[in-house]
Every structure is written in structure tokens, then in C-alpha cells.
Amino acid sequence: ARVAPRAAARAGWVVNLALDAGLAHGPDAWPLVAAARAALVSRGVTVRLPVAGRHQVANAMLALALAEQLDLDLERVGPALQEVALPPGRWETHDAADRTVIHDAYNANPASMLAALETVAAIRRDRPLVLAVGSMLELGATTAAGPARLAGADVRPRPAAVGAVGESGPAR
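Residues numbered from 1 in each chain as written. Predicted model: local features only at pLDDT ≥ 70, side-chain atom pairs only at ≥ 80, totals over all residues. Heavy atoms only, no water.

Draft legend 1. The arrangement of the pairing of strand S4 (residues 99-104) in detail. Only one face of S4 is buried, namely the one carrying Thr-100, Ile-102 and Asp-104, since none of Arg-99, Val-101 and His-103 on the opposite face is buried. In the sheet, strand S3 (residues 92-96) pairs with S4 via five bridges, with the strands oriented antiparallel. Paired with Asp-95 across the bridge in S4 is Thr-100. Turn length for the S3-S4 hairpin, with the two strands adjacent in sequence and antiparallel, is two residues, and the turn residue Ala-97 shows positive phi of about 50°. As paired strands, S4 and strand S5 (residues 129-133) are joined by five bridges and run parallel to one another. When the sheet's bridge partners are listed, Ile-102 is paired in S5 with Leu-131. (Buried < 20%, exposed > 50% of the residue type's maximum accessible area, 1.4 Å probe, protein only. Helix = DSSP H or I, 4+ residues; strand = E, 2+ residues; numbered from the N terminus. Pairing = 2+ DSSP bridges.)

See below:
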């Protein structure tokens, strides 16, 4: 909420959206279906997202809201969103040896990792969770604080094992 007034002072227009009711841009419905993927309905357009998680619904809603502001045809934008693909190493899920393995080592940051863990809770089916995470180098001077913030978070589900690649710092 604090960003919108500051952005409005610098931009011609600002899109403010929410997954919950109350703002001009928000979905009519966004149930998480198979494997925590959303079937998003907004302004009469249905989008079946190929990526999982509530945070991806917010990303898709932002794209739809911006498309609407730019007078783009939502009937064409919706199907394009259904084709979105994440790069390798971003939210790859695997079932192995009765465990749910999440490989999210590409461009990791605390917010994306916490969103991934929230999504895991919806799909893991009470199986042990194994995470593969990467360096948070894009955080610049606060890089070292990223993993510490995650380690201190009250994360549910608790991972059974975490594998860190890159310059993640010493294990604690």
C-alpha cells in the first residue's frame, strides 16, 4: 500500500491489485487446483496457469491488469499466460524415494523461497520435503542475510533436508 502513492507521484498511472477483494484489479476467482496450479478467472477470461502457487496468481493478475491498462485484448493475453515457462532451476518439483524434492536454486531470494514453501504445503501430501536452494547474490550487500532470514522463519512444512549451492555461506 505504501508503494502505490510513491509510484503515482512518478508515473502516469499505477495498477494496484490484490488477490483478495477490495481493489479495482483482482481476480473473480482463483482456486488452486491440481499440483497447486491456479484456474484464474478475471474479467471473463479464464487462465489455467502452468506454474504453481498463490504468488504466481498475483504475477498473472499483474500481467492481466497491465494488459487491460494498455488496452490489449485480454482474450489473447490469457492464452499467452497459459504458455509461460519458468527457467531451469526455478520451482522444479520431483517425487523421489517417497520425498518431495523442490529445486529452486535459480535466482533465489527469501520472498520467492517462502512463496515456494507455502506452495509446497499445498502439494506435498505429508511426504518429507527436500529443498535445493541457491545463492542469493542479487541481494547485493544483504546477500548474507537472505539465508539467515529463511533459517529463522517459522516455515511450515519444515524441510527434512536442505541442499545449498553457490556462495550461500557456512552451514549453521
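Draft legend 2. Spotlight on helix H2 (residues 54-69). The terminal C-alpha atoms of H2 lie 23 Å apart, and with 16 residues this matches the ideal 22 Å at 1.5 Å per residue to within 8%. Looking at H2, one finds that the buried residues are Gln-56, Val-57, Ala-60, Met-61, Leu-64, Ala-65 and Ala-67. Those residues of H2 that are buried are in contact with strand S1 (37-42), strand S2 (45-52) and helix H3 (74-81). Positive phi shows up at Asp-71, right after H2, with a value of about 60°. (Expected span 1.5 Å × (residues − 1). Contact = heavy atoms within 4.5 Å.)

Draft legend 3. Examining the pattern of salt bridges more closely. Scanning all chains against the criterion turns up two salt bridges. Here Arg-90 ties to Asp-104 by a salt bridge, and the two come within 3.4 Å at their closest N and O atoms. Taken as a pair, Arg-90 in the loop between H3 and S3 and Asp-104 in strand S4 lie far apart in primary sequence, 14 residues in all. Using a relative accessible area of 18% as the deciding quantity, one classes Arg-90 as buried. The class of Asp-104 is buried, set by a relative accessible area of 2%. The partner of Asp-95 in a salt bridge is Arg-127, and the shortest N-O contact between them spans 3.3 Å. (Salt bridge = Lys/Arg side-chain N within 4 Å of Asp/Glu carboxyl O.)

Draft legend 4. Examining the nonpolar core more closely. In this structure, Leu-40, Val-47, Leu-49, Leu-64 and Leu-81 are the most contacted members of the largest nonpolar core, which totals 14 residues. Broken down by secondary-structure element, the contributors of at least two residues to this core are S1, S2, H2 and H3. Element by element, the count of residues in this core is highest for H2, at five residues. Among all residues touching Leu-64, those that are not within four sequence positions of it are Leu-40, Ser-42, Val-47, Leu-74, Val-77 and Leu-81. (Core = buried A, V, L, I, M, F, W, Y, C linked by side-chain atoms within 4.5 Å.)

Draft legend 5. Summary view of the sheet that holds S4. Read across the open sheet, the four strands follow the order S3-S4-S5-S6; overall the sheet is mixed. The open sheet terminates on both sides in strands that have one partner only, identified here as S3 and strand S6 (161-164). Ignoring which end each strand starts from, the neighbouring axes of this sheet average 15° apart. Across the face of the sheet, helix H4 (residues 110-123) comes into contact with S3, S4 and S5 while running at roughly 155° to S5. (Axes fitted to C-alpha atoms, helices over the stretch in contact; angles between N-to-C directions.)

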